Amino acid sequence: MSLDAIDQPTGVRKGEELDTELLQSYLREKLGTNGQLNIQQFPSGFSNLTYMLQFGDREYVLRKPPHGANIKGGHDMGREYRMLSMLQPVYPYVPTPVLYEEDPEILGGTFYIMERVKGVILRSKPPKGVDLNPELMKSISTAAVDHLAALHQLDLGENNLSTLGKPEGYVQRQVDGWIGRYEKAATDDILSMNEAAVWLRTHMPKTQKASLIHNDYKYDNLVLHPYQLSTIQAVLDWEMATIGDPLMDLGTTLGYWGEFGDTDTLKPFNLTWIPGNLTRAEVVSRYEEKTGLDCSEIVFYYVFGSFKIGVIVQQIYSRYRKGFTQDPRFSALIHVVRACAQNAASAIASGRISNF
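So, how was this worked out
- Residues numbered from 1 in each chain as written.
- Predicted model: local features only at pLDDT ≥ 70, side-chain atom pairs only at ≥ 80, totals over all residues.
- Heavy atoms only, no water.
- Helix = DSSP H or I, 4+ residues; strand = E, 2+ residues; numbered from the N terminus.
- Rg over C-alpha atoms; globule rule 2.2 N^0.38 Å.
- Buried < 20%, exposed > 50% of the residue type's maximum accessible area, 1.4 Å probe, protein only.
- Contact = heavy atoms within 4.5 Å.
- Areas by Shrake-Rupley, 256 points an atom, 1.4 Å probe, with all protein chains shown as cover.
- Lys, Arg positive; Asp, Glu negative; His and termini not counted.
- Charge placed at Lys NZ, Arg CZ, Asp CG, Glu CD.
- Axes fitted to C-alpha atoms, helices over the stretch in contact; angles between N-to-C directions.
- Parallel < 35°, antiparallel > 145°, perpendicular 65-115°, else oblique.
- Left-handed = near helix turned anticlockwise from the far one by under 90°.
- Phe/Tyr/Trp six-rings, centres within 6.5 Å; stacked < 30°, edge-to-face > 60°.
- Lys NZ or Arg CZ within 6 Å of the ring centre and 35° of its normal.
- Pairing = 2+ DSSP bridges.
- Polar contact = N/O pair within 3.5 Å; in protein donor to acceptor, adjacent residues only side chain to side chain.

Visitor: For this particular structure, what's the right way to read the overall build of the protein chain?
Guide: A count of helical and extended segments in the protein chain gives 10 helices and 9 strands. At 20 Å, the protein chain has a C-alpha radius of gyration in line with the 21 Å of a compact globule built from 356 residues. Along the first, second and third principal axes, the C-alpha atoms of the protein chain reach 60 × 45 × 40 Å. Expressed as a percentage of the 356 residues in the protein chain, the buried residues total 54%. Considering only residue pairs separated by 6 or more positions, the protein chain has 72% of its internal contacts joining residues 24 or more positions apart. With the model as given, the accessible surface of the protein chain reaches about 15,700 Å², and the carbon-plus-sulfur share is 49%. Measuring between centres, the 35 positive side-chain charges of the protein chain sit 3 Å from its 42 negative side-chain charges.

Structure, rendered in structure tokens:
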């Protein structure tokens, strides 16, 4: 395995720079760091800003909200830090949290720092020096499903995990909440998004159980062991995690789980579309086997996941349109919203989640 395959940061994007001198002084006081601070930025992702802080051979990861974000939504750094702190003793697949800061005088807003977990992350293109052959992709996709199933079976009594959310009425709140977010962020009239919203409100199934759910579980939030890619070392990005219906979590994962026959617009979400990966239907079958949950109404959860991802992308696109970010990647995101809406519409029309 080439060391180039390990996920690496690059230069900081224009408009997203940090005050190096101020942060260096702050970290020297808080963590006892010495030497020159080097700051780089992880280039992928469209939500919270993620940086690598390096002092010699000491490496940390800093996360902060993007400019113009709703801090009470999926950008609550304090909540994510508390989540990691509570999970770390009972769930070995999270980075170790180091510190949380809410004083806006440091970086203009809240942020937290955690230890870096080095490994391979599957983003929109295969890592350098890695042959993602069908056999390997089957093992990675199977491991990803098994880890999600295991997460959903954590004992909520451990370390007071049950206090991390309110499972009663979760599905109703999520459906209403994401529809409301879409209405606030909408910039274009997309009929299939509006139709999916109506359909979701009239097809909500009963919840079978409450679990700890990640709410953004996909390949680019999994850190794979560099010498054994089917081994998951860590799960990243816990800002939307809570206690709720585990099938809603599965639905979000399926929304990101592109297949070969899907539009090319959605394929950058994940490398799940390349040969060897489980299909969405096979993901559900494997998950059902591992958890014992009834997945007969999976179309609802998939439609919800597709709609939710469309809303997340719409919110980012709306910030771009308002000038809160200059990131050129965001200029074409409206096409991703339309593609998510089309997948939701296809699932509703066909009654299935694979091979539309």
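Visitor: Is there a simple way to explain the packing of helix α4 (residues 134–151) against helix α8 (residues 280–291) in this structure?
Guide: In a packed pair of helices, the relevant descriptors are the angle between the two axes and the axis-to-axis distance. Following both chains from N to C, one finds α4 and α8 inclined at 40 degrees, their axes separated by 9 Å at the closest point. If you check the angle between α4 and α8, you find them oblique. By crossing handedness, the relation of α4 to α8 is classed as right-handed. In contact with T142, V145, D146 and A149 of α4, α8 contributes V283, R286, Y287, K290 and T291.

Visitor: Please clarify how the packing of aromatic side chains should be interpreted in this entry.
Guide: Here the distance between the centres and the angle between the planes together describe a pair of aromatic rings. Applying the stated rule across the entire model yields 11 aromatic pairs. Joined through ring pairs, the aromatic side chains of Y81, Y100 and Y112 make up one cluster. The residue whose ring lies beneath K218 is Y256, and the NZ or CZ to ring-centre distance is 4.6 Å. Its guanidinium or amino end placed over the ring of W273, K267 lies 4.8 Å from that ring's centre, counting from NZ or CZ.

Visitor: For this particular structure, what's the right way to read the sheet that holds strand β3 (residues 58–64)?
Guide: Whether parallel or antiparallel, the strands of a sheet pair through hydrogen bonds between backbone atoms. An order of β1-β2-β3-β5-β4 is seen for the 5 strands of this open sheet, with the pairing classed as antiparallel. Two strands in the sheet have a free side with no partner beyond their single neighbour: β1 (38–41) and β4 (97–101). Recorded for the sheet is a direction-independent mean angle of 25 degrees between the axes of neighbouring strands. Of the strand pairs in this sheet, β4 and strand β5 (residues 111–115) are connected by 4 bridges, and their pairing is antiparallel. Looking at the pairing, P97 lines up with M114 of β5.

Visitor: Would you mind going over the side chain of N277 with me for this structure?
Guide: By the secondary structure assignment, N277 is in the loop between α7 (246–256) and α8. The class of N277 is buried, set by a relative accessible area of 10%. Side chain to side chain, N277 and Y219 meet in a polar contact 2.6 Å long. From its side chain, N277 meets the backbone oxygen of L271 in a polar contact 2.9 Å long.

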